[in-house]
Amino acid sequence: MSAAPRIASLVPSITELLIALGLRPWLVARTGFCIHPAHEVAEVPKVGGTKDVNLDKLRRLAPSHVIVNMDENRAETAEALREFVPEIIVTHPQGPQDNAALIAQLQAHFGHLPGVAARAAALQQALAQALRAARGKTWPPRRVLYLIWKDPWMGVARDTYIARMLAEVGWLSWPDVDGGETGAARYPVIQGDEAWLHEIDEVLLSSEPYSFNASHLDAAQALCPQARVRLVDGELLSWYGPRAAAGLHYLMETRGWTSSSP
């Protein structure tokens, strides 16, 4: 019989996914940004942030498995972990459909634990149903600027998870650039004088990582004078795991369509 795992998650959305899979009893470490579900993570030790992990504290917690992400964590952190962690689980979902592989990846490591397989199957089913619903409708195309930061304005490249979520409901993100697998180019700076800003149909102000609120609507409107500007839930649109299906339904509703629509 193998020893019980000691799991550390350095990825906020995956911490939530681990708990949704029933793995809270084996979770021994998280980052300070791993805040959901609040009542479940409250007693899990924090080991710094996603970009500034406290390696000494993590070492003392003796994890058998540490989960990292290519967008959220630094490559040098993952390399340092290899000195004392038996299993490094590297994740990199690049679109909503990749959550299926992410769930399967975690199930491969922890599916033998009580209840995990059944919970994984339920999450897979919910994701598949949401994808079918989104892809079963023809969405009128709209040009979208999704903003994640202010001073400077920052958007998302088209090969990011967020942009691919938006594309499921016909929202084509601008600028028209790919950012590559990792790095700052995935979140391009908007200078404010780009000609295409006048052709944007929708500006979406994300609730994270910058906490946009109603006080920012006028500035965003000035950036894209022809666009409709609104606030959106960034966690639903950028977090992996159990929020993926909910995020797809949220996008469909935001575009004015529900499962009862013709």
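Our subject is the structure listed above.
Residues numbered from 1 in each chain as written. Predicted model: local features only at pLDDT ≥ 70, side-chain atom pairs only at ≥ 80, totals over all residues. Heavy atoms only, no water.

**Focus on the pairing of strand S10 (residues 228–232)**
On a regular strand, each side chain points to the face opposite its neighbour's, so the side chains alternate between the two faces of the sheet. Pairing analysis gives five bridges linking strand S9 (residues 202–206) to S10, with the strands arranged parallel. Bridging from a neighbouring strand, Leu-204 pairs with Arg-230 of S10. The parallel pair S9 and S10, bridged by helix H8 (residues 217–223), forms a crossover whose chirality is right-handed. (Pairing = 2+ DSSP bridges. Helix = DSSP H or I, 4+ residues; strand = E, 2+ residues; numbered from the N terminus. Right-handed = clockwise from strand over helix to strand, strands pointing away.)

**Observations regarding the pairing of S9**
Counted residue by residue, S9 has five buried out of five residues, so it is predominantly covered. Side chains Glu-202, Leu-204 and Ser-206 of S9 all project onto a buried face; the interleaved residues Val-203 and Leu-205 project onto the opposite face, where all are buried too. (Buried < 20%, exposed > 50% of the residue type's maximum accessible area, 1.4 Å probe, protein only.)

**Some points on the side chain of Ser-64**
With respect to the element layout, Ser-64 can be found in the loop between helix H3 (55–60) and strand S3 (65–69). Of note is the side chain of Ser-64, whose polar atom sits 2.8 Å from the side chain of His-65. Here Ser-64 is in contact with Pro-5, Arg-6, Val-85, Pro-86 and Glu-87, once residues within four sequence places are set aside. (Polar contact = N/O pair within 3.5 Å; in protein donor to acceptor, adjacent residues only side chain to side chain. Contact = heavy atoms within 4.5 Å.)

**Some remarks on the pattern of salt bridges**
Here the structure, examined in full by the defined rule, presents twelve salt bridges. Note that Asp-151 and Lys-150 form a salt bridge whose closest N and O atoms lie 3.3 Å from each other. Here Arg-243 makes a salt bridge to Glu-235, at a shortest N to O gap of 3.3 Å. No difference in accessibility class separates Arg-243 from Glu-235, as the two residues are buried. Put simply, Arg-142, Asp-201, Glu-202, Arg-228 and Arg-230 are held in one network by salt bridges that share partners. (Salt bridge = Lys/Arg side-chain N within 4 Å of Asp/Glu carboxyl O.)

**Topic: the packing of helix H6 (residues 116–135) against helix H10 (residues 243–254)**
Packing of H6 against H10 brings their axes to within 8 Å, and their N-to-C directions diverge by 20°. Relative to H10, the element H6 lies roughly parallel. Seen along the crossing, H6 lies across H10 with a hand that is left-handed. Where H6 approaches H10, its residues Ala-126, Leu-127, Ala-130, Leu-131, Ala-133 and Ala-134 are matched on the opposing element by Ala-244, Ala-245, Leu-248, His-249 and Met-252. Residue composition of the contact of H6 with H10, grouped by class: ten nonpolar, one polar and no charged. (Axes fitted to C-alpha atoms, helices over the stretch in contact; angles between N-to-C directions. Parallel < 35°, antiparallel > 145°, perpendicular 65-115°, else oblique. Left-handed = near helix turned anticlockwise from the far one by under 90°. Nonpolar A, V, L, I, M, F, W, Y, C, P; charged D, E, K, R; others polar.)

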